[in-house]
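# Descriptive analysis of the structure
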Amino acid sequence: MSSINWDNLKSEAKLAMAKAYAPYSKFPVGVAALVDDGRIISGCNVENASYGLTLCAECSLVSELIMSGGGRLIAAVCVDKNGDLLSPCGRCRQLLFEHGGEKLELLTPEGPKSMAEILPWGFGPKDLS
Ligand code: THU
């Protein structure tokens, strides 16, 4: 989608990354996304002394999506502590898929890719109907 301002999304993801609570891994992550009503939302990882309870940045993003009014994710950018593009973990691909479906675009080092490419044959709400 040519109208997506990827530079702005990446900047917002970096701002979110700077807010991360990652005292254990020391690996802050930030994510920003464009919602179908035009708003920009973001999230960061929030770790826990019980390591397995860590919330990835994408969890925080999805909470922000719902708390700020819902909608569908159109485009997303994840960054690591250096501000480089980050590949979302498997669980987070599932989270993004739930709220953006196959058409959600994710920025990768090879350019934007759809969730259909990032999570092929993904399990989603349609599979429950
Ligand atoms: N992390 C994310 O926030 N998102 C991902 O997609 C991959 C991993 C976080 C979890 C943990 O706080 C840190 O990165 C190191 O794994």
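For the structure, check the block above.
So, here's what we can say about the structure. Keep in mind it's a predicted model, so treat the numbers as computed, not measured. (Residues numbered from 1 in each chain as written. Predicted model: local features only at pLDDT ≥ 70, side-chain atom pairs only at ≥ 80, totals over all residues. Heavy atoms only, no water.)

For the rest of this paragraph, the subject is the overall build of the chain. A count of helical and extended segments in the chain gives four helices and five strands. Helices and strands in the chain line up, N terminus first, as α-β-β-α-β-α-β-β-α. Projected onto the principal axes, the alpha-carbon positions of the chain cover approximately 40 × 35 × 30 Å. The buried share among the 129 residues of the chain stands at 43%. Of all intrachain contacts in the chain linking residues separated by at least 6 positions in sequence, the fraction that spans at least 24 positions is 60%. (Helix = DSSP H or I, 4+ residues; strand = E, 2+ residues; numbered from the N terminus. Buried < 20%, exposed > 50% of the residue type's maximum accessible area, 1.4 Å probe, protein only. Contact = heavy atoms within 4.5 Å.)

For the rest of this paragraph, the subject is the packing of aromatic side chains. One pass over the full model with this rule turns up one aromatic pair. Seen in terms of ring centroids, Tyr24 and Tyr51 are 5.5 Å apart; in terms of plane orientation they differ by 45°. Their pairing is tilted. Of this pair, Tyr24 sits in the loop between helix H1 (6-17) and strand S1 (30-35) while Tyr51 sits in the loop between strand S2 (40-44) and helix H2 (57-67), placing them 27 residues apart in sequence. The partly exposed category is assigned to Tyr24, whose relative accessible area is 38%. Classification of Tyr51 as exposed rests on a relative accessible area of 60%. (Phe/Tyr/Trp six-rings, centres within 6.5 Å; stacked < 30°, edge-to-face > 60°.)

The local shell around the ligand consists of Ser25, Phe27, Val29, Asn45, Glu47, Thr54, Cys56, Ala57, Glu58, Leu86, Pro88 and Cys89. Within the contact set of the ligand, an oxygen atom lies 2.9 Å away from a side-chain nitrogen or oxygen of Asn45. Between the ligand and Glu47, the relevant distance is 2.5 Å, taken from an oxygen atom to a side-chain nitrogen or oxygen of the residue. (Near = heavy atom within 4 Å. Polar contact = N/O pair within 3.5 Å; in protein donor to acceptor, adjacent residues only side chain to side chain.)

Per the stated rule, a full pass over the model turns up one salt bridge. Between Arg39 and Asp37 there is a salt bridge, and its shortest N-O distance comes to 2.8 Å. Residue classification places Asp37 among the exposed residues on the basis of a relative accessible area of 52%. (Salt bridge = Lys/Arg side-chain N within 4 Å of Asp/Glu carboxyl O.)

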